[in-house]
Amino acid sequence: MSGDDINADRMLEAMANNNQPSTINQLNGCTSKEELDLIMHIRRTILHLDEDTTNDRSSPKKDTISTTTATSLSTATLDFKIERAKQKFAAGSLEEAFYECWKIPQEQRTLEIWKIGGECCKKLRVFAVAQRWFSEAIHVCRSNNTDLNVKLEQARIARFFNTYLTQYPMIDIRVDERGKGIYAKRVISPGEDIFTDIPLVHAQTVDTLSISPACAICTTSLLTPAVYFETTWSRIPEKLQRQIEEYWPHITPISCPYCPFELYCSEACRQQAWDNYHKILCPSFNPETTELYQFCANGQIIVRETWNSIFSPMILAKLIAMIILNVVNSVQNGTTQNSIDLNYSHKLQQTDDGPLEQAKEIFSEFISSGDATYIRTIPRMLKIMKNIFNHSSMPIHYEINEQEFTYRFYQIACNAQSFSSPTYATTIYTRFLSNIRQRDRTGLYQLLQTYLKGEPIDQVFGGLFPLQSSLNHSCDNSCEIMDCQVTPEVAGIKVRCKHQLKPGDELTINYVDLALGRRARRAMLKRAYNFWCECQRCTFEGDDAYSCTECKTLSPIIDNPNPNLTNGNIPYRKPFPACSRCRNAWYCSPTCQKQAWKQGHKLICRDWTKERSSSSAN
Ligand SMILES: [Zn+2]
Ligand SMILES: [Zn+2]
Ligand SMILES: [Zn+2]
Ligand SMILES: [Zn+2]
Ligand SMILES: [Zn+2]
């Protein structure tokens, strides 16, 4: 515990006892603002102690229990105070209980007091303070205490997601030893929209980038006739071209004034991209990014070999650019709002860890887990990223080494969710056709028949969604993800209930094709997300017909049914009969089947080949 902390506490203690004029300024920097606000609030509204009479030392409201200075309490007094705090807490008087805890001098607070104080703050939804008190509890505890670690993690998560949880009172984010998950707090019915989410960072998938361009910010389709008709465009007679343009919905893509690589639907989107990431990724200022932009523009074939994800490596570059610009903005403290000097004439000195760590925290909730050796198979991507962020135009140094690259790569691979612009390319095309049909008097539609290529593909984006990424996988998912125009300007996703949820049920989505058998699903999940699925469905399904799903007995060995085929040394077995409905479980006997049905097979037994797969993260 630092001397400053003790002084801060003494100062507050003195203030609490009306011995000093209390001005907020005086206390700034002493303790967290949240803690101070909470104490002020408790004194004013719960204890009716008026801060305005702080100079009046004879105030009858003066708290008689506290000592006037933060000298150590005697053992008896301390025990008495601890007992009072416990009683208030047990009685549900959270504010008063916290006040009792807080009045005990910091250096005398026991593990129990830190814990009670933390619990009070958590229940009062003052998560920043709860976080501090739980971390002090861990500090006092000295041994590795799982329970306290979980409590601290819960407070941290609650603080991080506070806005969401206030906005969506029907859900809760809980943490246990397995990690975090989202749970229902009330009954949620099938078809009900549970929450919407917008990406912190996103980029268009490389396979849709060149054939169906969209605004890099708001994802609005920017499909023009020239792009739609591709090579055919130049062969269309000029008069017909003019007519097509006349009936095509009006689209004017705006490009970055300094490079040809980014397109936007409006000046506002262009500015936002510039401020958020493009000013340090624009190839005209950082030539090293040219290779990345070209890499993406050239499409999927190169990408499949070197970046094993349908998601663009641009997400990673943008993510780091955003962190860097966040640091720059926080250091400059708004003085040069949104405009770094492009000549970087006054390059910022190496920033201390503070602002960089803070900027990184925005992305800290996205878990990262995967095979580090895979990274060595995509050396070109690591090299491109190193070159970009080591370039002299960077306002601060951000170290991209193999470890950092691996961490960020798997953050994207494990969490990126695909979504599409609600102003689909197909919508533009449909509007074009209906414009022609409604107004055409010159037989244009007939003329066009030879040139039309049918519906264009929709542009797909991959993004990191803070709340959605807290949803865990289940092979019998309770929720599904849908595209959604979250605000008129911002596209994102919404999470919709698929199966009825009771309070306490976990909200889950699926990451794989539900029609696959258990062995294939588990293998895919292990490969792509590095976990072994133990969901309810995986629990009550089997891998194959050669062992009983319930009692695990192997099926009887038989002679080779086809002597022309060999099976190495593996014996041939007679398959057990499959469950006639789902065909994903096999039993040695009707007894085993009945037993399994009762145990839980009935909850997941249905024809999964007919189940509509909700959009998945892959
Ligand atoms: Zn836009
Ligand atoms: Zn540019
Ligand atoms: Zn499963
Ligand atoms: Zn059996
Ligand atoms: Zn079944």
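Here goes a summary of the coordinates provided. (Residues numbered from 1 in each chain as written. Chains lettered and ligands numbered in written order. Predicted model: local features only at pLDDT ≥ 70, side-chain atom pairs only at ≥ 80, totals over all residues.)

Two elements in contact, helix α5 (residues 94-103) and helix α6 (residues 111-123), have axes separated by 9 Å at closest approach and are oriented at 145°. The element α5 and its partner α6 pack so that their crossing is left-handed. Contacts from Leu94, Ala97, Phe98, Cys101 and Trp102 of α5 reach α6 at Ile113, Ile116, Gly117, Cys120, Cys121 and Lys123. Within the contact of α5 with α6, the residues separate by chemical class into nine nonpolar, one polar and one charged. (Axes fitted to C-alpha atoms, helices over the stretch in contact; angles between N-to-C directions. Helix = DSSP H or I, 4+ residues; strand = E, 2+ residues; numbered from the N terminus. Left-handed = near helix turned anticlockwise from the far one by under 90°. Contact = placed C-beta atoms within 7 Å. Nonpolar A, V, L, I, M, F, W, Y, C, P; charged D, E, K, R; others polar.)

Below, the discussion takes up helix α19 (residues 402-415). Over its 14 residues, α19 extends 20 Å from the first C-alpha to the last, a length consistent with the 20 Å expected when each residue adds 1.5 Å. Listing the buried residues of α19 in full gives Phe405, Arg408, Phe409, Tyr410, Gln411, Ile412, Ala413, Cys414 and Asn415. (Expected span 1.5 Å × (residues − 1). Buried ≥ 20, exposed ≤ 12 C-beta atoms within 10 Å, placed from the backbone.)

So, on to helix α8 (residues 146-160). One turn of the α-helix equals 3.6 residues, which is why residues spaced by three or four share an orientation. With 15 residues, α8 ought to run about 21 Å at 1.5 Å a step, and its terminal C-alpha atoms sit 21 Å apart, in line with that. Buried within α8 are the following residues: Leu148, Lys151, Leu152, Gln154, Ala155, Ala158 and Phe160.

Okay, the sheet that holds strand β11 (residues 491-497) next. Strands sit in the order β3-β11-β10 across an open sheet of three strands; the sheet is antiparallel. Two strands in the sheet have a free side with no partner beyond their single neighbour: β3 (193-197) and β10 (479-485). For this sheet, the mean angle separating the axes of adjacent strands, direction not counted, is 25°. Note that β10 and β11 share seven bridges and pair antiparallel. Of the residues in β11, the one forming a bridge with Cys484 is Gly492. (Pairing = 2+ DSSP bridges.)

Read across the open sheet, the three strands follow the order β4-β8-β7; overall the sheet is antiparallel. Each end of this open sheet is capped by a strand with a single partner; those strands are β4 (201-204) and β7 (417-420). Across this sheet, the average inter-strand angle for adjacent strands is 30°, counted without regard to direction. Here four bridges tie β7 to strand β8 (residues 460-464), and the two strands are oriented antiparallel to one another. Of the residues in β8, the one forming a bridge with Ser418 is Gly462. Where helix α16 (residues 314-332) meets the sheet, it contacts β4 and β8, and its direction lies at approximately 150° from that of β4.

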